[in-house]
Amino acid sequence: MGTHPRGDAKILDSRISQRTLGQWIAENQDCLGSKVKDTFNGKLPFLFKVLSVDTALSIQAHPNKELAEKLHLQAPQHYPDANHKPEMAIALTSFQGLCGFRPVEEIVTFLTKVPEFQFLVGDNATAQLKQSLSHDSQAMASALKSSFSHLMESKKQLVVEQLNLLVKRISQQVAAGNNVEDICGELLLQLHQQYPGDIGCFAIYFLNLLTLKPGEAMFLEANVPHAYLKGDCVECMACSDNTVRAGLTSKFIDVPTLCEMLSYTPSPSKDRLFPPKWSQEDPYLSLYAPPVPDFAVMKMEVPGSVTEYKVSALDSASILLMVQGTVTASTPTAQAVIPLQRGGVLFIGANESVSLKLTVPEDLLIFRACCLL
């Protein structure tokens, strides 16, 4: 949902002459809101998505603006635009993902418990990482970069051999009724089944494993390694399709760029959770406002006992997504009411308010992407 050239949203209303949202915005610039229009050169600055992840999505990171411009110039077929791509995922169901580097102590523990992992990282990088525990954060970041790069640059045949050994060992443990949780055994088997022989299977020992509950969110700034593993979420990001991938994928892989660009800052997994703020004015609304100008997301949970709910006007274009509930939407500018149910999407111009009348008395769950400058 947005105006990226690779997926410009279609307008369903046949009375509107423009066929896509991008065309409509280009000809109705004021709908963006004056600040948004000026800051983002007359373009909608965000992309809004719903993801339903059954098979793990690739281990990846998104470039900052400077790197995006460089990559786009060098290889436009792989990096289709010159924009950065910070993003946020808000869980709709239980949602599992990998996000950012684990504390180094945890990685060192895995190196001890998983000899196949240590074999690929190598003795020198392993020793350097262990020693870095007693040094400053710069030494730690440098050791982390060295050990992660060693792993990711392993020869394919070695990866396949070591992965097969590990899978066999874990499978035997599981068959014997032993707990393999301390080495993420179940997850490793699951990823290996989805992507046999893929280096990304070993990345679970470097990256934080997060399970979000519905309503919990994670924010991924530029250069943070991540992978979505399983579950449903709404996702909002800057308007870009730039992704540097390194594993759990059949798409283009760019290991040198990834290893060079990553932010090697370890942090406990709980630090990766991004909490929303409750609105002072609206008891049903909470706001996820990440530290970037391009986007923010509002979540509205309205009880079914309410007969009408007013979506307030913002000085920004916004996109409203119905996840649950059935309503009719009316605005002072629309000629007719618009029926909306689960999966319905409404584009709201800047400074327009929308009234939602509940046609069925069940709770509403609505997300709204916008740009709050």
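Here, the structure is the one placed above.
In this text the structure is predicted, and so the values were computed from the model without any measurement.

Draft legend 1. Region of the structure containing the sheet that holds strand 16 (residues 345-348). Read across the sheet, 6 strands follow the order 9-10-11-18-13-16 without closing on themselves; strand pairing throughout is antiparallel. Each edge of the sheet is formed by a strand with only one pairing partner; in this case those strands are strand 9 (277-278) and strand 16.

Draft legend 2. Representation of the sheet that holds strand 15 (residues 338-340) in the model. The sheet built from 4 strands is open, its strands ordered 12-17-14-15 with antiparallel pairing. With partners counted over all chains shown, the strands left at the sheet margins are strand 12 (308-311) and strand 15, one partner each. If you compare each strand with its neighbour and ignore which way they point, the axes differ by 25° on average. Note: strand 14 (residues 327-330) against strand 17 (residues 354-358), 4 bridges, orientation antiparallel. Paired with Ser330 across the two strands is Ser355, which belongs to strand 17.

Draft legend 3. The nonpolar core, seen in detail. Judged by nonpolar contacts, the single largest core of 57 residues is most densely connected at Phe117, Phe148, Leu151, Leu188, Phe202, Tyr205 and Phe206. It is helix 7 (residues 137-152) that contributes the most residues to this core, 6 residues altogether. Inspection of this core shows a minimum of three residues originating in each of domain 1 (21-99 + 210-256) and domain 2 (102-207). Beyond its immediate stretch of four places on either side in the chain, Phe148 contacts Phe101, Phe206, Leu258, Cys259, Leu262 and Tyr264. Counting residues in each nonpolar core, the second largest holds 28 residues, with Phe46, Phe295, Val297 and Cys371 among its members.

Draft legend 4. Layout of the pattern of salt bridges. This model, assessed by the stated rule, comprises 13 salt bridges. Between Arg15 and Asp13 there is a salt bridge whose closest N-O contact spans 3.0 Å. Exposure remark for Asp13: the relative accessible area of 28% places this residue in the partly exposed category. The residue Arg169 makes a salt bridge to Glu116 at a minimum N-O spacing of 2.9 Å. With Arg169 in helix 8 (residues 156-175) and Glu116 in helix 5 (residues 115-121), this pair connects stretches of sequence that are 53 residues apart. Here Arg169 falls in the partly exposed class, since its relative accessible area comes to 26%.

Draft legend 5. Quick look at helix 7. If you check helix 7, its first and last C-alpha atoms are 22 Å apart, about what 16 residues at 1.5 Å a residue would give, namely 22 Å. Every buried residue belonging to helix 7 is among Met140, Ala143, Leu144, Ser147, Phe148, Ser149, Leu151 and Met152, and all of these are buried. At its buried positions, helix 7 is contacted by strand 4 (95-101), helix 4 (104-113), helix 5, helix 6 (123-132), strand 8 (244-247) and helix 10 (255-261).

Draft legend 6. Layout of helix 4. By the burial criterion, the buried members of helix 4 are Val104, Ile107, Val108, Phe110 and Leu111. Looking straight down helix 4, one finds its buried side chains confined to an arc of 160°; they lie on one side. Where helix 4 is buried, its residues meet helix 5, helix 6 and helix 7.

Draft legend 7. Structural detail: the pairing of strand 3 (residues 87-91). Strand 3 sits mainly inside the fold: 5 of its 5 residues count as buried. Burial along strand 3 is two-sided: the residues Glu87, Ala89 and Ala91 and Met88 and Ile90 are all buried. Looking at chain direction, strand 3 and strand 6 (residues 217-220) are connected through 4 bridges and run antiparallel. Within strand 6, the position partnered with Met88 by the bridge is Phe219. Across 5 bridges, strand 3 lies against strand 7 (residues 226-238) in antiparallel orientation. Considered in strand 7, the bridge of Ile90 is made with Val234.

Thresholds, definitions, all that
- Residues numbered from 1 in each chain as written.
- Predicted model: local features only at pLDDT ≥ 70, side-chain atom pairs only at ≥ 80, totals over all residues.
- Heavy atoms only, no water.
- Pairing = 2+ DSSP bridges.
- Helix = DSSP H or I, 4+ residues; strand = E, 2+ residues; numbered from the N terminus.
- Axes fitted to C-alpha atoms, helices over the stretch in contact; angles between N-to-C directions.
- Core = buried A, V, L, I, M, F, W, Y, C linked by side-chain atoms within 4.5 Å.
- Buried < 20%, exposed > 50% of the residue type's maximum accessible area, 1.4 Å probe, protein only.
- Domains from an automatic or database assignment.
- Contact = heavy atoms within 4.5 Å.
- Salt bridge = Lys/Arg side-chain N within 4 Å of Asp/Glu carboxyl O.
- Expected span 1.5 Å × (residues − 1).
- Arc of directions from axis to C-beta.

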